Each structure stands twice: as structure tokens, then as C-alpha cells.
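# Working through the structure, step by step
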Amino acid sequence: MQVAKRLQAVEEYYFSKKLREIDEMNKQGKNVINLGIGSPDLPPHPEVIKVLNEVSAQPEVHGYQSYKGLPLFREAVAGWYKKWYDVELDPATEILPLMGSKEGIMHICMTYLDEGDVALVPNPGYPTYASNIKLTGAEARPYNLNEANNWSPDFEEIEQQDLSKVKLLFVNYTQMPTGKAASTALFEKIIAFAQKHAILVVHDNPYSFILNEKPLSLLSIPGAKEVAVELNSLSKSHNMAGWRMGMMLAGRQRIDEILRFKSNMDSGMFAPLQHAAARALTLGKEWHEELNKIYESRREKVYELLNLLGCSYDKTQTGLFIWAKVPGEYADGYQLADDVLYKSNVFITPGGIFGSEGNNYIRISLCGNQQRFEDSIARLKNVNKE
Ligand SMILES: Cc1ncc(COP(=O)(O)O)c(C=O)c1O
């Protein structure tokens, strides 16, 4: 069977290929430690599980749900945005529940992009932006993030290009994979650029609670709702990646436009999940502090591991990963990652999979218990001794 032409523009996800290789290695007894994948290993709060159990035991909660989600969940999202980001959202019109923020990326691309349009994507950045843009037939045009521009879009450079076909700009701070934190000054520049060029900004914000004192939303910038859509998620902040609970926040018109597409894709979200997620969003400071304490101690181990590899890194990074520069003796992050995989049976993500500006970097995930980091360090030390 011939697949559609649009699929020819996208490749199999690097991780799915690499995981097959790791499976093969494990079948040979190598017991590879995977420090690559960003799925939180810790459980959600017990109260959240309790609500899921209680609500799913009720007989009347198993039917199709509204495309716009339960009012109870949207109100919880509005309360969460007010409490943590100081952003006012109308729960009736400015919040759209999503099955994880990832699906929102596709909905936005399908709603706004036609063949011939252009969307700007970060290099390095989350590969889903570019693949979803390409699936619509539009062009994903990278803008560079690097040490020289402090991992922030260089709008003067971007403005040298012909922007007449550009409809969307994807941004993501806390940035994945570089760990660059959000700041109000950066967000103001992004909004000013979007206003000047009438471009819709898509801000992907799933990491704002991880190793970060002050979560920030792009929507906190005055005028943002006219030119921006934000995606957020409980995957990382509440250890609920597999639950697929996320949301889109935007002005009413944007939500209505995107819902026109989305309502043709799915038939709402399981009510007990929405009840439980609403409970998760009421968790206080202690929840995030406790989680961050665990990530902090893992981060110390990751620093130790990176020191053994001779990598350099910025300690002001936020989010669920550590981004580190590969030492000069390696051609790039791919070479270092393969070296570590084949000699030490430890998998580390090469930065190049997030775009060419990441070629000389690697990314290590903070997901996984302390022991896995200690075992990885011991394996690296053993190889060094040989
Ligand atoms: C930058 C970025 N955006 C979005 C997502 C998707 O998150 P969700 O689980 O909410 O779909 C990820 C997941 O790894 C991510 O790294």
C-alpha cells in the first residue's frame, strides 16, 4: 500500500528507532540504562488517584463527553492559571482541554496552515512542531537558538527574511532541550514581534514547574491573547504523562477556530480523568517543592556524570533535562552518545535530533530513580579504568 505523500516528509521518530536497537541490546543481556526519555517515573499525588477511582466507580460517568470538556475541569484550569501565572482566563470560552499538549500542536497546524504557508520553529526544539507543520503541507522554517543568542530568538536576524508567508511562530520556554528559562523580558519581545508581523505565536509551556521557582505564562504579557495561543500540560508538572491531560489557553476566537478542527477528531475526554486532573491542579506549593527536591538531587548526579564525560553545562537551566556541550575530542553528540551506549550500556540523547544547532550537545533526562544515575556513573568509571 502506498502511503500518502504527506507522510513522505516526516521520518520515523529517532527514539522509536533507537529504542528498537536498545531492545536488541537488552535481549543480548546488556541491560541498557536509558537516560533519554522524559516520562516522569514518579506517581501522581495519591488524592488524584483516589478521585479517579471514586469517580470512575460511578455509573453515569462513562458516556461521551463534551468537546469542550467538563466545566469543572475548565474552572480548575482557570483557577490554576490565576494562582500560579497570574493570568485571568474565562473558563467558558478561553480554555480547551486537550489529550496532552502534543495533540494541540497538530490541531493548531491543521487550523491555520495551508500548503505554501510557513511556520517558524526553534532549532533546537521539540521535533513534533516541524513534523506536524510538514504534515499539513506547509514549510517548517527553523530559527537558530545557540549560546551566542542566549537560546532566544534573534528577531533582528529573523526580520531579514521575507516573512510574508509566515503564519505561526512556535516558542517554548522553559525551552526543551536547552533548559533556557522563561523571562518576562523575552516574552515581551516575542509578543511585540507577533504584533508587528501579525503572526500567531504558539507557546508550548509544559515544563514551567520543573526546577523553576516562578512559573511564567506568555499570556501574562498585555495583549498576548490577541496574538498567542498557549499549550500546557499535567504530564510533567503532576507526573501524569500517560493520562494525556493537557489544555490550550487562548482568546475566544482562537479557541472556537481550533475547536472546529478538533471536534472532527475526537469525542471528548473520559470524565473521571477530568475530575482527577481538576484535583491535581489544586495541589499546593508543597507538591512542587517535594518533586523539585527529588529532581535537584538527581541533577547533582547528572552533573557528576557529565563531569566524567568532560561535558560543560549551564547550571541555571530549568526543566526536566540537562543540556550539555560535548568536549572537543568527539565529532558531535551522536558520536559521544554512541560511544557511551556501546561501551557503557547507557543511553543518552544526542542533541542533534532536536536540530542542527544541537549537534554539539547531549541531553540527559532527570526521569528515573537515583540508583539509575549512580549505576550509570559506576559504568562510566569502569570504562575509564579499562
Ligand atoms: C517541548 C514539549 N512539548 C510538548 C510535549 C508533549 O507533552 P504532553 O504530554 O502534554 O503531550 C513534550 C513532551 O515531551 C515536550 O517536550
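This report concerns the structure included in the present document. (Residues numbered from 1 in each chain as written. Predicted model: local features only at pLDDT ≥ 70, side-chain atom pairs only at ≥ 80, totals over all residues. Heavy atoms only, no water.)

### Digging into the layout of surface pockets
Approximately 760 Å³ is the volume found for the largest pocket. Elements with a contribution of two residues or more to the lining of the largest pocket: helix H2 (14-27), strand S3 (118-123), helix H6 (127-135) and strand S4 (139-144). With eight residues, H6 is the largest single contributor of residues to the lining of the largest pocket. Residue composition of the lining of the largest pocket, grouped by class: 17 nonpolar, eight polar and five charged. Structurally, the lining of the largest pocket is a two-domain feature, drawing no fewer than three residues from each of domain 1 (5-43 + 285-385) and domain 2 (46-280). Taken as a whole, the second largest pocket holds about 550 Å³ of empty space. Taken together, 23 residues make up the lining of the second largest pocket; nearest its centre are Gly38, Lys102, Tyr126, Tyr207 and Lys236. Residues that form the lining of the second largest pocket fall into these classes: 11 nonpolar, seven polar and five charged. (1 Å grid on protein atoms, 1.4 Å probe; cavity = no way out; pocket = protein on both sides within 12 Å on 5 of 7 lines; lining within 4 Å. Points joined across faces, edges and corners; volume = space filled by probe spheres on them. Helix = DSSP H or I, 4+ residues; strand = E, 2+ residues; numbered from the N terminus. Nonpolar A, V, L, I, M, F, W, Y, C, P; charged D, E, K, R; others polar. Domains from an automatic or database assignment.)

### Examining unusual backbone geometry
Note that the residue after Asn123, namely Pro124, is joined by a cis bond; omega there is 5°. For the peptide bond that leads from Tyr173 to Thr174, omega is -5°, which places it in the cis range. For Thr174, the position within the fold is in the loop between strand S5 (166-171) and helix H8 (184-197). If you check the backbone angles, Asn345 has positive phi at about 55° while not being a glycine.

### Observations regarding the sheet that holds strand S9 (residues 312-313)
The four strands lie next to each other as S9-S10-S13-S12, forming an open sheet whose pairing is antiparallel. Strands with a single pairing partner mark the edges of an open sheet, and in this sheet they are S9 and strand S12 (349-350). (Pairing = 2+ DSSP bridges.)

### A closer look at the state of the cysteines
Each disulfide consists of a covalent bond between the sulfur atoms of two cysteine residues. A full pass over the atoms with the stated rule returns zero disulfides. Of the cysteine sulfurs around Cys311, a residue in no disulfide, the closest is that of Cys367, at 19 Å. On the basis of relative accessible area, Cys311 is assigned to the buried category, the value being 7%. (Disulfide = S-S within 2.5 Å. Buried < 20%, exposed > 50% of the residue type's maximum accessible area, 1.4 Å probe, protein only.)

### Thoughts on H6
Every buried residue of H6 is accounted for by Thr128, Tyr129, Ala130, Asn132 and Ile133. Buried residues belonging to H6 abut helix H5 (101-112), S3, S4, S5 and strand S6 (200-204). Residue Gly137 follows H6 closely and has a positive phi angle near 90°. (Contact = heavy atoms within 4.5 Å.)

### Thoughts on the site of the ligand
Neighbouring the ligand are 14 residues; Asp204, Tyr207, Ser233, Ser235 and Arg244 lie closest to it. Contact distances for the ligand include 2.6 Å between an oxygen atom and a side-chain N or O atom of Tyr207. Contacts to the ligand include Ser235, whose side-chain N or O atom sits 2.6 Å from an oxygen atom. Relative to its free-state accessible area of 400 Å², the ligand is covered by the protein chains to the extent of 91%. Of the residues contributing to the shell around the ligand, the split by class is five nonpolar, five polar and four charged. (Near = heavy atom within 4 Å. Polar contact = N/O pair within 3.5 Å; in protein donor to acceptor, adjacent residues only side chain to side chain. Areas by Shrake-Rupley, 256 points an atom, 1.4 Å probe, with all protein chains shown as cover.)

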